[in-house]
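Analysis of the macromolecular model
Given next are the chains, with one letter for each unit.
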Amino acid sequence: MVQGPLALARLENSAITPETVDLDTVVADRAAIWTAFAGDQRVGITVAGVPVGKVWAVTGALEQIIDNLLSNALRVSPPGTTIVLATVTAPANGGCTEPMVELHVIDQGAGMTEIQRKRAFDRFWHASDSHHDGTGLGLPMVQRLTHASGGDVTLNAAPDGGLDAVVRLRPAQPARTRNQPAVHRKIPPLRGYGTTGSRNAAETVSRPDP
């Protein structure tokens, strides 16, 4: 995993060209690796959603993005809770003229205030009430890698508590058509965990598009 101010400086000063990467494969691989670490803390990791296929991303960026987000989520997750990685295709909205692929990393921790969520991407920033170790560079790295890949990342409050980190990336292929069924995976209830401006995640990650 690339870490530290030097890594950020290199990323910002380098000409990097995104390539096509299979997001479903990367999500499954990282979830499998992190499951053992989470299990030591009695925290579950679940993959949910529909296959989204390939996206545009800088080489190695998806692994680092997911690792940093899972590390943060695990750091704040109480025993007996579950971290959910959900992939969905989001409709065009706001400044986006075409659908984007969203990766949600949802935890059941204490969450952040709106001010904390805005500050969280500042280098070396730590919440004043934080009792967890960290460099304060994980989220800035996630943001830089996502931007370098042509995407965006936001932190949303999960309605039932916790944080919903949303990484939006450009699909490298047409979105799933209406007659292609969603892949239904066994997931816990996700009532209230929504995608950006869309239905609640219990619907979004487990149902085909209408």
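Here's what I pulled together on the structure shown here. Not measured: the values here are computed from a predicted model. Here the residue numbers are simple positions, counted from 1 along each chain's written sequence. For this predicted model, a pLDDT threshold of at least 70 governs which residues receive local features, and a threshold of 80 or more governs which side-chain atom pairs are given and counted, while totals over whole chains, interfaces and linings are taken from all residues. Remark: hydrogens and water are excluded; side-chain values derive from all non-hydrogen atoms of the structure.

On to helix H3 (residues 61-76). Helical segments are the DSSP runs of H or I of at least four residues, strand segments are the runs of E of at least two, and each set is numbered from the N terminus. Expected span of a helix: the number of residues minus one, times 1.5 Å. Between the first and last C-alpha of H3 there are 23 Å, a value that for 16 residues agrees with the 22 Å anticipated at 1.5 Å per step. The buried count for H3 comes to 12 of 16 residues, which makes it a mostly enclosed element. Only protein chains enter the accessibility calculation, which uses a 1.4 Å probe; a residue is then buried when its area is under 20% of its type maximum, exposed when over 50%, and partly exposed in between. Taken as a whole, H3 has its buried residues at Ala61, Leu62, Gln64, Ile65, Ile66, Asp67, Asn68, Leu69, Leu70, Ser71, Ala73 and Leu74.

Of note, Arg42 is a non-glycine position whose phi angle comes to about 60 degrees, a positive value. Take Arg42: it is sitting in the loop between helix H2 (23-40) and strand E2 (44-49).

Here the focus is the pattern of salt bridges. Salt bridges are defined as contacts in which a side-chain nitrogen from Lys or Arg sits within 4 Å of a carboxyl oxygen from Asp or Glu. This structure, assessed with the given rule, holds 3 salt bridges. Between Arg168 and Glu102 there is a salt bridge, with its nearest N and O atoms 2.5 Å apart. Within this pair, whereas Arg168 is found in strand E7 (residues 163-169), its partner Glu102 is found in strand E5 (residues 100-106), the two being separated by 66 residues in sequence. Accessibility classification places Arg168 together with Glu102 in one group, the buried group. Between Lys118 and Glu114 there is a salt bridge whose closest N-O contact spans 3.6 Å. Of this pair, Lys118 and Glu114 both sit in helix H4 (residues 114-119), 4 residues apart, which is roughly one turn of the helix.

Once that is clear, we can look at the packing of H3 against helix H5 (residues 138-148). Packing of H3 against H5 leaves a shortest axis separation of 9 Å and a crossing angle of 150 degrees. Classified by the interaxial angle, the pair formed by H3 and H5 is roughly antiparallel. Crossing hand, H3 versus H5: left-handed. Here H3 contributes Ala61, Gln64, Ile65, Asn68, Leu69 and Asn72 to the contact with H5, which in turn contributes Gly138, Leu139, Met141, Val142, Leu145 and Thr146. Per-class residue counts for the contact of H3 with H5 are 7 nonpolar, 5 polar and no charged. Note on method: axes are straight lines fitted to C-alpha atoms, helices fitted across the in-contact stretch only, with angles between N-to-C directions ranging 0 to 180 degrees. Small angles under 35 degrees read as roughly parallel and large ones over 145 as roughly antiparallel, with 65 to 115 read as roughly perpendicular and the rest as oblique. Two helices that cross are described as forming a left-handed crossing if the nearer one is turned anticlockwise from the farther one by less than a right angle, and a right-handed crossing if clockwise. Contacts are assigned to residue pairs with any non-hydrogen atoms lying within 4.5 Å of each other. Three categories are distinguished: nonpolar for Ala, Val, Leu, Ile, Met, Phe, Trp, Tyr, Cys and Pro, charged for Asp, Glu, Lys and Arg, and polar for the others, with Gly belonging to the last.

Bear in mind that shape data such as this cannot, by itself, settle questions of function.
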